[in-house]
Amino acid sequence: PSSSLKPLLASIAAWIMTLDVGSNEINSAIAKDSLNTRIFINGNLARVLLASHRITGDATHLHEGLKWCDTLVSLQVPAKTHDGLATGGWWNTGYDDLFIADTGTAVTTLGLCANLVADASRKAKYMEALTRWSTFVRRGVAMGPVANATRRSLLRKTASVLAH
């Protein structure tokens, strides 16, 4: 990028570093709505940090971007394929449902992390999560995310009724 864009990138990256993106829960002092745990928003923020690292060499940006990928991997929901022969994996996009495009944004960032991480065990975890996502997309699952969300919602409602 041109040298005139680097200060702008530095400013944006500095702001992102105040958000605790690595936790996938943007600092609630900044985000006053329910958008603070959306994997596609936080994935884009992490991707900016990864790009900043590539352009500026700032290791703290790499560390925070990789931390977000670690968190994303921990949030993956494993699910048996429709035929029961393999395990796929999907992510709640942040609103008790799955949207392929939103998740694709987050998965793109995970792919970048897999490319940038030096630690072999972390890289393996990223690749395993990417493989499970690929299996989910290509083969489907026995009980999809919407059914799981509906079941969770019904369980919460039942628990609430029983508590009163």
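Residues numbered from 1 in each chain as written. Predicted model: local features only at pLDDT ≥ 70, side-chain atom pairs only at ≥ 80, totals over all residues. Heavy atoms only, no water.

Caption draft 1: Fine view of the overall build of the chain. Helix and strand counts for the chain stand at six helices and two strands. In the chain, the succession of α and β elements from N to C terminus is α-α-α-β-β-α-α-α. Here the chain holds 164 residues, and the buried ones make up 36% of them. Intrachain contacts of the chain at a sequence separation of at least 6 include 63% that bridge at least 24 residues. For the chain, the accessible surface area stands at approximately 8,900 Å², while carbon and sulfur atoms represent 62% of it. (Helix = DSSP H or I, 4+ residues; strand = E, 2+ residues; numbered from the N terminus. Buried < 20%, exposed > 50% of the residue type's maximum accessible area, 1.4 Å probe, protein only. Contact = heavy atoms within 4.5 Å. Areas by Shrake-Rupley, 256 points an atom, 1.4 Å probe, with all protein chains shown as cover.)

Caption draft 2: Up close: unusual backbone geometry. Its identity is not glycine, yet Asp20 carries a phi of approximately 60°, on the positive side. As for its position among the elements, Asp20 is in the loop between α1 (5-16) and α2 (39-56). The backbone of Asn24 sits at a positive phi, close to 65°, despite the residue not being glycine. Note that Asn24 resides in the loop between α1 and α2.

Caption draft 3: How the structure looks around the packing of aromatic side chains. Summed over all chains, the structure comprises two aromatic pairs. For the pair Trp91 and Trp133, a centre-to-centre distance of 5.9 Å together with 45° between the ring planes defines the contact as tilted. Here Trp133 lies in helix α5 (residues 120-139) and Trp91 lies in the loop between β2 (87-90) and α4 (100-116), a separation of 42 residues in the sequence. Taken individually, Trp91 and Trp133 each receive the classification buried, so the pair is uniform in this respect. (Phe/Tyr/Trp six-rings, centres within 6.5 Å; stacked < 30°, edge-to-face > 60°.)

Caption draft 4: The arrangement of the pairing of β2 in detail. Two strands pair when backbone bridges link them, and strand β1 (residues 77-80) and β2 are joined in this way by four bridges, in the antiparallel orientation. Each residue of the ladder has a partner; that of Val77, found in β2, is Trp90. Here β1 folds back onto β2 in antiparallel fashion, the turn holding six residues, of which Gly84 has a positive phi close to 75°. (Pairing = 2+ DSSP bridges.)

Caption draft 5: Structural detail: helix α3 (residues 59-75). Here α3 contains 17 residues, and its C-alpha end-to-end distance of 24 Å stays within 8% of the 24 Å for a straight helix at 1.5 Å per residue. Among the residues of α3, His61, Leu62, Glu64, Gly65, Leu66, Trp68, Cys69, Thr71, Leu72 and Val73 are the ones counted as buried. Lining the buried residues of α3 we find α1, α2, α4 and α5. (Expected span 1.5 Å × (residues − 1).)

Caption draft 6: The state of the cysteines, seen in detail. Enumeration over the complete set of coordinates arrives at one disulfide. The disulfide partner of Cys69 is Cys113, and the gap between their sulfur atoms is 2.1 Å. Between Cys69 and Cys113, the S-S torsion sits near 75°, and that sign places the bridge as right-handed. Taken together, the residues span a long stretch of sequence, with Cys69 in helix α3 and Cys113 in helix α4 at a distance of 44 residues. Here Cys69 matches Cys113 in class, with each residue buried. (Disulfide = S-S within 2.5 Å.)

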